[in-house]
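Spelled out, the chains give:
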Amino acid sequence: MTSADSSSGPLAGVRVIDMATVVMGPYAAQILGDLGADVIKIESPKDTVRHGTLHRTPGMTPLNLNVNRNKRSVRLDLKDDAERAEALELIGTADVLITNMRIGALRRLGMDYESLAAANPRLVYAHAQGFRPDSDRAGLAAYDETVQAASGLLDLAQRSGDIGQPVVLPSIFADKVAALTIAYSALAALVHQRATGQGQLVEVPMADTLLAFNLVEHLQGRLFEPPMGPTGFALSMNKGHRARPTKDGLAMIIPYSPQNFRDLFCAAGRPDLAEDPRLAGEFVDGRRDGEALAELIESVTPALTTAEWIEVCSKHSIPVGPVLKLDEAADDPYVREGHLLDVAEHPSEGSYRVVGVPVSFSATPAAIRRHAPLPGQHTEEVRTELRRSE
């Protein structure tokens, strides 16, 4: 944890106003904060990220501690005329604004893009919501689960698992993919702002973002007109695409090429299986043979321990990875050596695990400079800065 007053990150000198709630917008702003930006969060008293049963201090939940680090918190009631005026003054000092408020509410508050750009034409205004604002779904409330459904992700899960009622991916996947999209889109607009002095409106609809994300590999035969086949990337849709049992646990062992399969079977003491005619060509037909070959793999992987398989697979360039149990992640050598879950001391919460910054910069290192703040912790500090600037 470095000093809150210093920033050597690549975004040092950039000011971001986080006027978003829950995860999508705040996570995007947190990433920009990790990269050195001065992020000021205009707190909403109803932000559900502060609600939860796991906390030492009310409002300081695990999710809040993760997505609101490297920020200063200002508590302002946007429905109060005087405090809304303060918020508008603060936004006037910003390079980037991130919000996921509905467009109708933003217009009523005078905080839509047109209103703010008139006062601050350099502003990069990143607006995220569930669906495109010009669509018939624009007004629908969007949650991660509904966007996973609208993006085709549940259909893929149902087809690949051959199950009647698909379950959502056990991660707030849509929110976080959209957050990454907000972050890189804001950075692109920031480059344009630095070159021209002009800001712009950046719209990030969650459904569009996740649908585009899914279709990179899953459009497949429907890419062509007329279609040459169904959607669905064969390897990912393979029902045998799963962790394998080893002598002492589980490992993700994924042979791709025919040579990978042959080496794996020989290492397991079954050279006879290496003679399978389905492995005689240059490629394995995953759509046709994937599930049957998966059964053969799982019949031999219990012959060796996970560590032995990692050694074998490393020798023969077979993709392999141990199955990490999240409850044991802090003790995993890879996690520990990468400082991905170090212990830090929070001023109000005491000792806690900090999720590390996953990227490194040789010249402008990113850092965690600030712990997640208490609600409104920096209100007076920011007000003082505004008075000084006046």
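Computed from a predicted structure; not experimentally measured.

## Some remarks on the overall build of the protein chain
Argument step 1. A count of helices and strands for the protein chain gives 15 helices and 11 strands.
Argument step 2. The dimensions of the protein chain, computed from C-alpha atoms along their principal axes, are 80 × 55 × 45 Å.
Argument step 3. A buried classification covers 43% of the 390 residues belonging to the protein chain.
Argument step 4. Within the protein chain, contacts between residues at least 6 apart in sequence are counted, and of these 69% link residues at least 24 apart.
Argument step 5. When the accessible surface of the protein chain is totalled, it reaches about 20,200 Å², and 56% of it is carbon and sulfur.
Argument step 6. Within the protein chain, one finds 39 positive and 51 negative side-chain charges whose respective centroids are separated by 2 Å.

## Observations regarding the domain arrangement of the protein chain
Argument step 1. Per the domain assignment, the segments of the protein chain are domain 1 (15-213 + 357-389) and domain 2 (244-322).
Argument step 2. If you average the C-alpha positions of domain 1 and of domain 2, the two centres end up 44 Å apart.

## Section: the environment of Met-101
Argument step 1. Residue position: Met-101 is located in the loop between β4 (96-99) and α4 (103-108).
Argument step 2. Remark: the alpha-carbon pair of Met-101 and Thr-21, spanning 80 residues in sequence, is separated by 8.2 Å.

## Digging into the nonpolar core
Nonpolar side chains in soluble globular proteins tend to end up buried together.
Argument step 1. If you look at the biggest cluster of nonpolar residues, it comprises 31 residues, and the most contacted ones within it are Leu-11, Val-16, Leu-32, Ala-37, Val-96, Ile-98 and Ile-182.
Argument step 2. Elements represented by at least two residues in this core include exactly α1 (24-34), β4, β5 (124-129), α8 (173-196), β6 (200-205) and α9 (206-218).
Argument step 3. Excluding its chain neighbours within four sequence positions, the residues that come into contact with Leu-11 are Leu-32, Leu-35, Gly-36, Ala-37, Leu-187 and Leu-190.
Argument step 4. Counting 22 residues, the second largest nonpolar core, distinct from the first, contains Leu-78, Leu-97, Leu-123 and Leu-386.

## Section: α8
Argument step 1. With 24 residues, α8 extends 35 Å from end C-alpha to end C-alpha; this agrees with the ideal 34 Å at 1.5 Å per step.
Argument step 2. Directly after α8, the chain includes Gly-197, whose backbone phi takes a positive value near 80 degrees.

## Brief notes about the packing of α8 against α9
Argument step 1. At a minimum axis distance of 9 Å, the contact between α8 and α9 shows a crossing angle of 90 degrees. One element, α8, and the other, α9, form an angle in the roughly perpendicular class. Contact with α8, carried on its side by Phe-173, Ala-174, Asp-175, Val-177, Ala-178 and Thr-181, involves Met-206, Thr-209, Leu-210 and Phe-213 of α9 and no other residues of that element.

Parameters at a glance
- Residues numbered from 1 in each chain as written.
- Predicted model: local features only at pLDDT ≥ 70, side-chain atom pairs only at ≥ 80, totals over all residues.
- Heavy atoms only, no water.
- Helix = DSSP H or I, 4+ residues; strand = E, 2+ residues; numbered from the N terminus.
- Buried < 20%, exposed > 50% of the residue type's maximum accessible area, 1.4 Å probe, protein only.
- Contact = heavy atoms within 4.5 Å.
- Areas by Shrake-Rupley, 256 points an atom, 1.4 Å probe, with all protein chains shown as cover.
- Lys, Arg positive; Asp, Glu negative; His and termini not counted.
- Charge placed at Lys NZ, Arg CZ, Asp CG, Glu CD.
- Domains from an automatic or database assignment.
- Core = buried A, V, L, I, M, F, W, Y, C linked by side-chain atoms within 4.5 Å.
- Expected span 1.5 Å × (residues − 1).
- Axes fitted to C-alpha atoms, helices over the stretch in contact; angles between N-to-C directions.
- Parallel < 35°, antiparallel > 145°, perpendicular 65-115°, else oblique.

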